[in-house]
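Reading the structure
Read off the chains here:
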Amino acid sequence: MTSFVGRQAEVDQVRRRLAASRLVTLIGPGGAGKTRLATRVAQDHPDEFRFVALDSLRDPGLLAQTVAAELGLRDVPDEPTSRVVDFLKDKSLLLVLDNCEHMVRACGTLVGEILEAAPDVRILATSRHVLGVGGEQLLPVNPLPVPQVRNGKLVGDTDAVTLFADRASAAAPRFQVDADNQETVVKICQRLDGMPLAIELAVVWLRVLSLNELLTNIDDRFRLLSRGEQTKPERHQTLTATVEWSYELCSPEERQLWARLSVFDGGFTLAAAAEVCDIDRFEILTLIADLVDKSVLIRTGDQDIARYRMLDTIRQYGVERLHQSGHLAEFRARHSRYFMEFGRGLAAEWFGHRQLELVAQTRREHANIRSALESGLTDGDGLTGARLAVSLHFYWLNCGFFGEGRRWLDRVLKLDLPADLRVQALAVNAYATAGLGEGHTAVHMGQQGVDLARTLDNDELLWLALYCRATSALVTGDYPSAEKCYAEAIDCYDRVPDPGARMFPPYAARGMTAAFCLDGRRALELGERAIKFSVPHGELWARAYAHYALAMAKWLLGDLPACLREAAESIQLHLRFNDLSGFVMVAEVLAAIALGNQENERAAAILGVVERVWSEVGGSLLADSKPWLEPHQACAAQLRQVMGEQRYAEAFAVGTANGASLAAASAYVLSGHDRGSPLTKREQQVADLVAQGATNKEIAVRLDISRRTAEVHVDHILRKLRFASRSQIAAWVAAGSSQSVGTH
């Protein structure tokens, strides 16, 4: 047997379970490594162990006979079960039953009798299906974790890569994982779901293929991974045989559902499965439970609504079966239509109290949305995909996906679209294009949308077109056009009889425009109006921009402490939406404030953070944008002059290092310097987390303390600083603890 790689945590967990329970079942999909894990545990078990392999046994009536033979019993009579039970009743040993899934009922019966009669016998079973015996402890054996590559280093658990390297060195003795090829190795392991069997079958091809060629061919995995070791059980000699073994254990109804569920990408809910698979919700619940029991489906996460997913290898097998049945196109179309309606429903509720919940739902379904867009834009007239793409305007534009939104909408605009759909596509794409720094292209596209909308006598469409046209104008510095379009958009909003949560008056954007025109009092008025409108709706995204407008207004009016409070509030809200552009705008204000306070290293570092964050978008907000480009350039030029190129570059690099994620970037720009803080070290840590928008529960997890302790720390901070709200703590942190305490 080849060497055992990784899984030490699982080995320890199995040992603990066996110490506490007499029956532990390792459950998981074929090829996940259950047999090898059981063998490793058994070899180190303090008692004697017996290993019974059941993979080649086809007749459940011979189960007890097979176990008897492995126990060394000869001349077993016609009642082998009683002989086995009698033999074990005074023994102290570990009995391993490997691969029970194809005779679950027989195994369950035998195990139950053994446990009842033999108090010192413990049983470790491996199966793709639960045995269903009282007292059974289930331990899922998942695929090996696959790390990520960040800044040239492997981040996370490296078990899958370690296994790949170990097996590859045997197949190609000169092969080793290094800095040059580790990213390719990680991609291969990801494509294979971290499945040990799939990895082992793949690496043998390194005898004839280069690593890059192996990656290129890996998607055709069922043909590529068809050469296995003849010494392995038949079901493990090829990937196809392994998956087919699971397929054969399913009923016809379970097989049909397996195939239909394969159109989902990234998981699904029960409601989505029932709708797309065209099966009654109560019937499908039973079938899904059976597929979970048989390790075809995996229950994921701990959300309020259960989600299920397939390993990609199992999913691809289902796609092939669905294709062979002639129904692949039908169920892909159902999948696309389902997510089109999903997107429409979210868009109708966007400007309301469920905003963050809607964002979380959309993020969970992102892979499904991509699949639905691809098939919805390709099949038939493409209108299903087009409607889905425009309905997700809030996701593309408000949650950090300008680049992806634009790619889909560029495809949409090549279709023959109804006028109303074309208006929406032009408007949303104009906003995305402006966000990517191509302001003048965005203005042209946005104007097309406005012109077409004016012919349709639809105030809601005209509102959207004007809002996006105004944003394009704002990005290019055409403030009169932006003000005019925003004002008309508000008029359109006011004329819609029941706007619900579909639309909103762009007071915040109009306030930003006033601030760029250096009209602080007008910006203050509009920002406050935006807050007043958003709060009753429970809305947060537009409110983040309202706080940004207020931050600029307070800055113009000379109220620096209030400016910092508003900026901190804005950043915390942008973080919750992963709104990169909004974060960048506020960070630029903080950089300018730091420069004004002669905190040159901090100002340069914030500019570095801005560059790192915006690189994630795929464009440059500053490239074609007067409102942000000119102040940015002026700030950078002044810092270079004062600091010198070397000091500026060093401080800038500190910022880029702290901008690896929006969370890290937000924490950095909101963190202050320690200037004789009245807080203890722990309280300062808590204050910094409050400034990042963390709840008491999240603070407790991050600092490994109880929730109650976190609450006490927050209360102490409020009393020490004589503050009344968490936002004041955030502003105090943002100001670097430099403002006088108790004056806010």
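Every chain is numbered on its own, with residues counted from 1 as its sequence reads. The predicted origin of the model limits local features to residues at a pLDDT of at least 70 and limits the giving and counting of side-chain atom pairs to 80 or more, whereas totals for whole chains, interfaces and linings rest on all residues. Water and hydrogen atoms were dropped before computing side-chain values, which therefore reflect all heavy atoms in the structure.

**Digging into the confidence of the model for the protein chain**
Put simply, the rule is: Every residue gets a pLDDT, meaning the predictor's confidence in that residue, from 0 to 100. Contacts are assigned to residue pairs that have any heavy atoms within 4.5 Å of one another.
When pLDDT is averaged across the protein chain, the result is 85; 91% of the residues are at 70 or more. Within the model, pLDDT remains below 50 along residues 737-744, and this stretch shows 18 contacts once partners closer than five positions in the same chain are excluded.

**Brief notes about the packing of aromatic side chains**
Applicable threshold: A pair of Phe, Tyr and Trp rings is counted when the ring centres sit within 6.5 Å of each other, with Trp represented by its six-membered ring. The angle between the planes then sorts it: under 30 degrees is stacked, over 60 is edge-to-face, the rest tilted. Under the DSSP-based scheme used, a helix requires at least four consecutive residues in state H or I and a strand at least two consecutive residues in state E, with every element numbered from the N terminus. The buried label applies to any residue whose accessible area, calculated with a 1.4 Å probe on protein chains only, is under 20% of its type's maximum; exposed applies above 50%, and partly exposed to all values in between. In our convention, an over-ring charge means Lys NZ or Arg CZ found within 6 Å of a ring centre and within 35 degrees of that ring's normal.
Within this structure, the stated rule accounts for 29 aromatic pairs. Residues Y247 and Y317 carry aromatic rings whose centres are separated by 5.4 Å and whose planes lie at 70° to one another, so their mutual orientation is edge-to-face. One end of the pair, Y247, is in helix α11 (residues 239-248); the other, Y317, is in helix α15 (residues 312-325), and 70 residues separate them in sequence. Of the two residues, Y247 and Y317, neither departs from the other in class, the shared state being buried. Taken together, a centroid distance of 6.5 Å and an interplanar angle of 75° make the contact between F264 and F339 edge-to-face. Of this pair, F264 sits in the loop between α12 (252-261) and β8 (268-269) while F339 is found in helix α16 (residues 328-348), placing the two residues 75 residues apart along the sequence. A single burial state applies to F264 and to F339, both of which are buried. Stacked on the ring of F87, the Lys or Arg K91 has its end atom at 4.2 Å from the ring centre.

**Some thoughts on the pattern of salt bridges**
Put simply, the rule reads: In the sections that follow, a salt bridge refers to a side-chain nitrogen of Lys or Arg positioned within 4 Å of a carboxyl oxygen of Asp or Glu.
Inspection of the entire model under this criterion finds 26 salt bridges. D166 serves as the salt-bridge partner of R167, at 2.2 Å between the closest nitrogen and oxygen. On the accessibility criterion, R167 (8% relative accessible area) is buried. Between E645 and R640 there is a salt bridge, with its nearest N and O atoms 3.3 Å apart.

**Comments concerning the sheet that holds strand β5 (residues 137-140)**
Selection rule: Strand pairing requires that DSSP identify at least two bridges connecting the strands. Note on geometry: axes are C-alpha line fits, over the in-contact stretch for helices, and angles between N-to-C directions span 0 to 180 degrees.
Read across the sheet, five strands follow the order β2-β3-β4-β1-β5 without closing on themselves; strand pairing throughout is parallel. The sheet is open, and its two borders are formed by β2 (48-53) and β5, each paired with just one other strand. The average angle at which neighbouring strand axes cross in this sheet is 20°, direction not considered. Sitting on the sheet, helix α5 (residues 104-117) is in contact with β1 (23-27), β3 (93-98) and β4 (121-127), with an inclination near 165° to β4.

**Examining a nonpolar patch on the surface**
Quick note on the threshold: Like charges within 9 Å and nonpolar side chains (Val, Leu, Ile, Met, Phe, Trp, Tyr) within 5 Å are joined into patches, using only residues over 30% in relative accessible area that form no salt bridge. For the area figures, the Shrake-Rupley method with a 1.4 Å probe applies, and any residue is considered shielded solely by the protein chains shown.
Taken together, the side chains of L518, L556 and L557 define a hydrophobic patch exposed on the protein surface, amounting to about 280 Å² of accessible area. Mapping L518 onto the fold places it in the loop between α26 (507-516) and α27 (520-537).

**Overview of the nonpolar core**
Test applied: What is meant by a nonpolar core is a set of buried Ala, Val, Leu, Ile, Met, Phe, Trp, Tyr and Cys residues, joined one to another through side-chain atoms within 4.5 Å.
Of all hydrophobic cores here, the largest spans 228 residues; its most connected members are L124, F164, L261, W396 and F583. Contacts of W396, omitting those with residues within four sequence positions, involve I369, L373, A389, F401, F402, E404, G405, W408 and L409. Judged by nonpolar contacts, the second largest core, of 29 residues, contains L63, C100, A118 and V133.

**Brief notes about the sheet that holds strand β10 (residues 307-309)**
Taken in spatial order, the three strands line up as β8-β10-β9 in an open sheet, and their pairing is antiparallel. Taken across any chain shown, the strands that pair with only one partner, and hence form the sheet edges, are β8 and β9 (298-300).

**Details of the pairing of β4**
Selection rule: Clockwise travel from the first strand over the helix to the second, with the strands pointing away from the viewer, marks a crossover as right-handed.
Across the seven residues that make up β4, a large majority, six, are buried. In terms of strand pairing, β1 meets β4 through five bridges, oriented parallel. Residue V24 lies in a different strand from β4, and its bridge partner there is L124. Summarising the sheet, β3 and β4 pair through six bridges and their orientation is parallel. Along β4, the bridge assignment pairs L97 with A125. Crossover connection from β3 via α5 to parallel β4: handedness right-handed.

**Some remarks on the environment of M512**
Among the structural elements, M512 can be located in helix α26. On the accessibility criterion, M512 (5% relative accessible area) is buried. It is 20 Å that separates the C-alpha atoms of M512 and C635, two residues lying 123 residues apart in sequence. When neighbours within four sequence positions are excluded, M512 is seen to be in contact with L474, Y545, Y548, A549, M552, M585 and W628.

**A word on empty space enclosed by the protein**
For clarity, the cut-off: For each structure, a 1 Å grid was placed over the protein atoms alone; sets of points admitting a 1.4 Å probe that cannot get out are labelled cavities, open sets with protein on both sides within 12 Å along at least five of seven lines are labelled pockets, and lining residues have an atom within 4 Å of a point. Grid points are joined across faces, edges and corners, and a volume is the space filled by probe spheres set on the points. Under this grouping Gly is polar, as are all residues other than the nonpolar Ala, Val, Leu, Ile, Met, Phe, Trp, Tyr, Cys and Pro and the charged Asp, Glu, Lys and Arg.
Summed over all chains, the structure comprises three cavities of 30 Å³ or more. Taken together, 28 residues make up the lining of the largest cavity; nearest its centre are Y431, Y467, M512, W541 and Y545. Looking at the lining of the largest cavity, the elements that each hand over two or more residues are α22 (419-435), α24 (459-476), α26, α27, α28 (541-556) and α30 (580-596). Here the lining of the largest cavity is composed, by residue class, of 24 nonpolar, four polar and no charged.

**Looking at the packing of helix α3 (residues 63-70) against α5**
Worth spelling out the cut-off: Orientation labels follow simple angle bins: below 35 degrees gives roughly parallel, above 145 gives roughly antiparallel, 65 to 115 gives roughly perpendicular, and whatever is left gives oblique.
Interhelical geometry of α3 versus α5 gives an angle of 55° and a closest axis separation of 10 Å. Put simply, α3 runs oblique to α5. Note on element contacts: α5 touches α3 through A106, C107 and L110, opposite L63, A64 and V67. In terms of residue class, the contact of α3 with α5 is built from six nonpolar, no polar and no charged.

**Regarding unusual backbone geometry**
Of note, D278 is a non-glycine position whose phi angle comes to about 60°, a positive value. You can see D278 is positioned in the loop between α13 (270-277) and α14 (281-293). Of note, N578 is a non-glycine position whose phi angle comes to about 55°, a positive value. Its location among the elements puts N578 in the loop between α29 (560-577) and α30. Classification of N578 by relative accessible area gives partly exposed; the value is 27%.

**Section: the side chain of R469**
Selection rule: Positive charges come from Lys and Arg alone, negative charges from Asp and Glu alone, with His and the N- and C-terminal ends not counted. Two N or O atoms count as a polar contact when they lie within 3.5 Å, although within protein this holds only if one can serve as hydrogen donor and the other as acceptor, and sequence-adjacent residues are included solely when both atoms are side-chain atoms.
With respect to the helices, strands and loops of the structure, R469 is situated in helix α24. In this structure, R469 is buried with no salt-bridge partner, the nearest side chain bearing the opposite charge being D478 at 5.0 Å. Within the structure, R469 has its side chain in polar contact with the side chain of Q447 (distance 2.8 Å). In contact with R469, other than residues within four places in its own chain, are V443, G446, Q447, V450 and C485.

**Section: the side chain of R406**
Along the chain, R406 turns up in helix α21 (residues 402-412). R406 sits in the buried class, given a relative accessible area of 17%. Once residues lying within four places of it in the same chain are set aside, the contact partners of R406 are N429, A432, T433, L436 and E438.

**Considerations on α3**
Let me state the cut-off plainly: To be clear, the arc concerns the directions from the helix axis to the C-beta atoms.
Where α3 is concerned, the buried positions are L63, A64, V67 and A68. Looking straight down α3, one finds that the buried residues subtend no more than 135° of arc, so they occupy a single side. Those residues of α3 that are buried lie in contact with β2, α4 (80-88), β3 and α5. After α3 finishes, the residue G72 shows a positive phi value of roughly 90°.

**With respect to the packing of helix α31 (residues 600-615) against helix α34 (residues 662-670)**
Test applied: Note: crossing handedness is left-handed where the near helix turns anticlockwise from the far helix by less than a right angle, and right-handed where it turns clockwise.
Direction vectors running N to C along α31 and α34 enclose 165°, while the axes themselves pass 10 Å from each other. As judged from the angle between their axes, α31 and α34 are roughly antiparallel. In the packing of α31 onto α34, the handedness of the crossing is left-handed. In this structure, α31 contributes R602, A605, I606, V609 and V613 to the contact, and α34 contributes L662, A665, Y668, V669 and L670. The residue inventory of the contact of α31 with α34, partitioned by class, reads nine nonpolar, no polar and one charged.

**Considering the environment of L415**
Tracing the backbone shows L415 in the loop between α21 and α22. As for L415 and K91, which are separated by 324 residues in sequence, their C-alpha atoms are 74 Å apart. Other than its neighbours up to four places away in sequence, L415 contacts L377, D381, G382, A386 and R422.

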